[in-house]
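Listed here are the chains, written in short residue letters.
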Amino acid sequence: MINRMSEQEFVASFDEALTNHHLMVYYQPQINHETGRMVGAEALLRWRHPAKGMQYPADFIPVLEKNNLIYQADLFVFEEVCILLRNLLENKKPVVPISVNMSRYDIYGHSYVADIETIRKKYDIPVKYIRVEVTESSAIGGMELITRVMDDLHRAGYIVEMDDFGSGYSSLGVLKDLPVDMLKLDMRFLQGNIGGRGGTIINSMVQMCKWLNTTVIAEGVETQEIADFMKTIGCKYVQGYLYAKPMPQEDFLKYLAETDHEPMDAASRLMDTMNNMNFWNPDSLENLIFSNFVGPAAVFIYENGNVEILRVNEKYLKEIGMSRTEQEILTENPWECTTPKCQEEYTNAINKAIKTRDEVTFECWRTICSKTCGENKICVRSTIRLIGEANNQYLFYAMVQNVTAEKERYRLAEEDERRFKSAFEHANVYAWEYTISTHEMRPCFRCMRDLGLPPIVKNYPDTAIEAGVFPPEVADMYRELMKEIDNGRTDVDLIIPLTVGRIPFHVRYTTEFDESGRPLKAYGSATLVVDNPAETPAE
C-alpha cells in the first residue's frame, strides 16, 4: 500500500528528489501489433520516496504544475533520455525513438525548445530518436502559443505527438489547428462493448487520421481483443499493459535487448505537386475537381501486398455499377472480387507505377458482388498514379473505366474477322484499301501472308512495284491507272498479270467520294482468272 505524501512534502523534498534520483524515468514500449516488434517507447516520470515509497503520478504531477516545478522535472526527464540514448549509441546497442512529455507549463514563460536543444546537442543525440508529446488539453486556451512552439519543434526536426487524443472536449478543433505528426488515441472509448458507439468513433478517428496522413498509436491497450480490433481498423501500433507496463531503466534495457525492432511508418507524404489538406478538404478546388469534373476515380493505399480503398467519387459508383454504395466499396477487401491472375496484374502495375513514378494503365476482369444485384463479371481499365508514400505504404490515385461492352464488341469483331478470313480463303480473293490523299495502301491478311506486304504500304503503287507485285511491263500502266483513280475515276475492271510469275488476276476498284465530290478512298480486289488451287502468287 502506498504511503501518500502531502503537497507540502512534495514541494519540500523536490530538490532532494532531483539530486538523489528519487525522481526517475520509467519506459513503456510501443509495439507493432502485426509483427510484435518494438517501434518506440514513452518516457514517464516516477517518484520513489526513500521512506514512503512509490508515489502516484496523479498525486505529484499536479503539485509540480501548481508550484511551477514541472519545467525542471520535464527537463530532467529529457536529459535522462539523452543519457540513455547516448549510452546505447556508444555501445552500439539497439535504439528506438523515445517520446518525452511537454506540458503547457513548459511553454509559458520558458524557452522550452531552446533548452531541450541545448541538452540534446550536449549529448549529440540525433533528433530522430526523440519525439515530443503534447497533451490535447495543453492546447486549450493557448492555441497560438502552442502552435508556435510546435513549429519550432518541427524546424528543429522533432516528431510531434498528441497524447490522450479523444479525452478532451474539443478534439476535432484541436486536431484541425495543430500540426501534429502522430496521435495517441485514448482507449477509454472502448471500455465495455467494442462493437458499440465507442468502436464506431475510434474507427472514424483512425480513418480521419489516414486522410490527414497522421500516424496513430492506440494508448492504454490492455487486452488482445482491443489490440486485434484496432488492427482491423488500420491502427497497428499499440502501447499498454497487453505488451508491457512502464518499467525502470534496467528492465527496459533488458526488454530492448530481447525484442526485435522496426521503424515506425512515417505519415504518408503527398507528392510535391499536390496540397495534402486541400485534397481532402470538401470545400477545396481539388476536391471539387475530384468529385465533379474528372471521370470515375478512387484513392487507395497499397501496403505489403494489400489494397485498401479510401475514397471514391460518384462517377466511380455509376461506372462500376451493380447499385453498390460507397460504404460497401470502402469496407470490402478489393482482392476478394478479383482472380489470382488479376491480382498479379494489378500488383505488377502498382509496382511499375512505384518504380517509374509515372501513370500505368492496365485491364483486368473483376467479379462484382452487390447486395441488390448479385454477381456480375466486368472488365475494368485502370490508370493509376502514385501520389504519396511513407516507407512501405503507397497512396494511389486511380481513374477507372468499365470496358466490358468494348471487350464484347472486340470479341464480336474478332469473330467476324475470323469468319471473313475464312470466306476469303474459300473465295481465293485478295483485297486492299487505298487512301488517296496519303497514297497509303492497307492490304488484307492474304496479301501480307502471300506477298510479304507490311500492314501499311506507303507511296503506293511505287513501293509495291519495287517489291515485284507488278511485272515491269505493266508497271507504268498501273501507275497511270492509279493516277486516274486519284483524279476521280469511279471504278476499274480489268485483267492484268501480277507477281514475277505473271499470273492473270481480275482486278477491280471502287472509289469512295466525300460530300463535295472529292475522291477519298478506293477499295481494290484481285481474283485469280483461272481458279486452279495449285496456282498461287509466287513469292
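Along each chain, residues carry numbers from 1 onward, in the same order as the chain's sequence is written. Selection of residues for local features in this predicted model requires a pLDDT of at least 70, selection of side-chain atom pairs for listing and counting requires 80 or more, and totals for whole chains, interfaces and linings are taken over all residues. As a rule here, side-chain values cover all heavy atoms of the structure and leave hydrogens and water aside.

Student: Can you tell me about the packing of aromatic side chains, naming the residues and giving the values?
Tutor: Two aromatic rings, drawn from Phe, Tyr or Trp (for Trp, its six-membered ring), form a pair once their centres lie within 6.5 Å of each other, and the interplanar angle then sorts them: stacked below 30 degrees, edge-to-face above 60, tilted otherwise. Evaluation of the coordinates by the stated rule reveals 15 aromatic pairs. Between the aromatic rings of Y434 and Y460, the centroid separation amounts to 5.7 Å while the plane-to-plane angle is 50°, which identifies the pairing as tilted. Here the residue Y434 occupies a position in strand β17 (residues 429-435), and Y460 occupies one in the loop between α19 (445-451) and α20 (462-466), the gap between them amounting to 26 residues. Judged by its relative accessible area of 0%, Y434 is buried. For each residue, the accessible area found with a 1.4 Å probe, counting protein chains only, is set against the maximum for its type, and the residue is called buried under 20%, exposed over 50%, and partly exposed in between. Residue Y460 is classed as buried on the basis of its relative accessible area of 4%. Here a helix means four or more residues in a row that DSSP labels H or I, a strand means two or more in a row labelled E, and each is numbered from the N terminus.

Student: Help me get a handle on the side chain of Q55, residues and values and all.
Tutor: Position of Q55 among the secondary structure elements: in strand β3 (residues 53-55). Polar contacts here mean pairs of N or O atoms no more than 3.5 Å apart (in protein, one a potential hydrogen donor and the other a potential acceptor; neighbouring residues in sequence count only if both atoms are side-chain atoms). Polar side-chain contacts of Q55 include one of 3.0 Å to the backbone oxygen of N3. A polar side-chain atom of Q55 sits 3.1 Å from the main-chain carbonyl oxygen of G53. Once you skip the residues sitting within four places of it in the chain, Q55 turns out to touch I2, N3, R4, M5, F10, W47 and F60. Two residues form a contact once any of their heavy atoms are found within 4.5 Å.

Student: Tell me what's going on with helix α12 (residues 249-258), and back it up with residues and numbers.
Tutor: For α12, the complete set of buried residues consists of F252, Y255 and L256. Seen from one end, α12 has its buried residues packed into an arc of 100°, which puts them on one side. Along α12, the residues that are exposed and aim more than 90 degrees away from the buried face are E250, K254, A257 and E258. Of the surrounding elements, those touching the buried residues of α12 are β1 (23-32), β2 (37-49), α4 (70-90) and β10 (247-248). Throughout, the arc means the angular range of directions from the helix axis out to the C-beta atoms.

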